[in-house]
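Letter by letter, the chains look like this.
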Amino acid sequence: MAPSFFLELCRDRQSTRAFSGTPVDGDKIERCLEAARLAPSACNGQPWYFIVVQNPVIRERIARSTFAPASSLNHFTLQAQALVLVLSKREPGLARLGSLIRGLPLHYLDIGIAIEHFCLQATNEGLGTCILGWITERKIRKHLKIPKAQRVVAGIAVGYPESNEIRPKKRKQLNEIRSYV
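Definitions and limits used
- Residues numbered from 1 in each chain as written.
- Predicted model: local features only at pLDDT ≥ 70, side-chain atom pairs only at ≥ 80, totals over all residues.
- Heavy atoms only, no water.
- Core = buried A, V, L, I, M, F, W, Y, C linked by side-chain atoms within 4.5 Å.
- Buried < 20%, exposed > 50% of the residue type's maximum accessible area, 1.4 Å probe, protein only.
- Helix = DSSP H or I, 4+ residues; strand = E, 2+ residues; numbered from the N terminus.
- Contact = heavy atoms within 4.5 Å.
- Disulfide = S-S within 2.5 Å.
- Pairing = 2+ DSSP bridges.
- Axes fitted to C-alpha atoms, helices over the stretch in contact; angles between N-to-C directions.
- Left-handed = near helix turned anticlockwise from the far one by under 90°.
- 1 Å grid on protein atoms, 1.4 Å probe; cavity = no way out; pocket = protein on both sides within 12 Å on 5 of 7 lines; lining within 4 Å.
- Points joined across faces, edges and corners; volume = space filled by probe spheres on them.
- Nonpolar A, V, L, I, M, F, W, Y, C, P; charged D, E, K, R; others polar.

Let us look at the nonpolar core. In this structure, F50, I115, F118, I156 and V158 are the most contacted members of the largest nonpolar core, which totals 22 residues. When contributions to this core are tallied by element, the ones reaching two or more residues are α2 (26-37), β1 (48-53), β2 (82-88), α5 (107-124) and β4 (151-159). Ranked by the residues each element gives to this core, the list is headed by α5, at six residues. If we ignore the near neighbours within four places in the chain, the residues touching I115 are V86, I131, A154 and I156. Counting 16 residues, the second-largest nonpolar core is a separate cluster that includes F76, L85, C130 and I135.

Here it is, written out as structure tokens:
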């Protein structure tokens, strides 16, 4: 693999909020899920579970659970050809103990890594994604009959971007975010 390939992939990955109506090939979603499956996790707990919503009727119900009626936030989810819900499963014993000791739910770090693996693979597949933290978990649980032992942590809107333009990234300079000791 060329040394610059991964950095180029990171530069190309962006939050897509305008999708074309082109259906997404299931094989592409499967490769994204495989990339997420391969993500590392504390004590190999793999505390994630993914629900892929492609059925148009259910997808619209779930999309409407990602925004408030009076808000324009996340309305683009109605255009996405797939919505992927990311659930957290109970951490295994040692990982749960680590979270208790640290006072920090470490499984959320693991899930975040898996989500980004999914999104980077989606970028590689020519798909656009947008990670959704703003969701109405209660409504999603009701629509999909999700057990109480699992939490709906996030969603990922997936589809072909309406535009292939890569927007310039507005990021802090490297010297603003690191130091060596």
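Having put the structure on the table, let's press on.
Moving on, we get to the state of the cysteines. The full count for this structure, using the stated rule, is zero disulfides. For C119, which is in no disulfide, the shortest distance to another cysteine sulfur is to C32 and amounts to 8.1 Å. In this model C130 remains outside any disulfide bridge; the closest cysteine sulfur is found in C119, 8.5 Å from its own.

The next subject is the sheet that holds β4. Spatially, β1-β2-β4-β3 is the arrangement adopted by the four strands of the open sheet, whose pairing is antiparallel. A single partner strand is all that each edge strand has here, and the edge strands are β1 and β3 (128-132). Going from strand to strand, the sheet's axes swing by 20° on average, the running direction of each strand aside. Note: β3 against β4, five bridges, orientation antiparallel. Paired with C130 across the bridge in β4 is A157. Sitting on the sheet, α5 touches β1, β2, β3 and β4, and the angle it makes with β4 is about 10°. In the packing of helix α6 (residues 137-144) onto the sheet, the strands contacted are β1, β2 and β4, and the crossing angle to β4 comes to about 80°.

Moving on, we get to the packing of α2 against α5. In contact at an axis separation of 7 Å, α2 and α5 are set at 145° when each is read in the N-to-C sense. Regarding α2 and α5, the two cross each other, and that crossing is right-handed. Touching I29, R31, C32, L33, A35 and A36 of α2 are A114, H117, F118, Q121 and A122, all from α5.

Rolled over the atoms, a probe as big as a water molecule pinpoints where empty space is left. Each pocket or cavity is described by its volume, and for the largest pocket that value is around 280 Å³. Considering the residues around the largest pocket, the lining is formed by L7, C10, R11, R13, Q14, S15, R167, P168, K169 and R171. Tallied by class, residues from the lining of the largest pocket come to three nonpolar, two polar and five charged. Lining the second largest pocket are ten residues, with F6, L9, H117, L120 and Q121 positioned closest to its centre. Breaking the lining of the second largest pocket down by element, the ones donating at least two residues are α1 (3-12) and α5. The greatest single-element share of the lining of the second largest pocket, amounting to four residues, is contributed by α5. The residue makeup of the lining of the second largest pocket, split by class, is seven nonpolar, three polar and no charged.

Keep in mind these values describe shape, not function.
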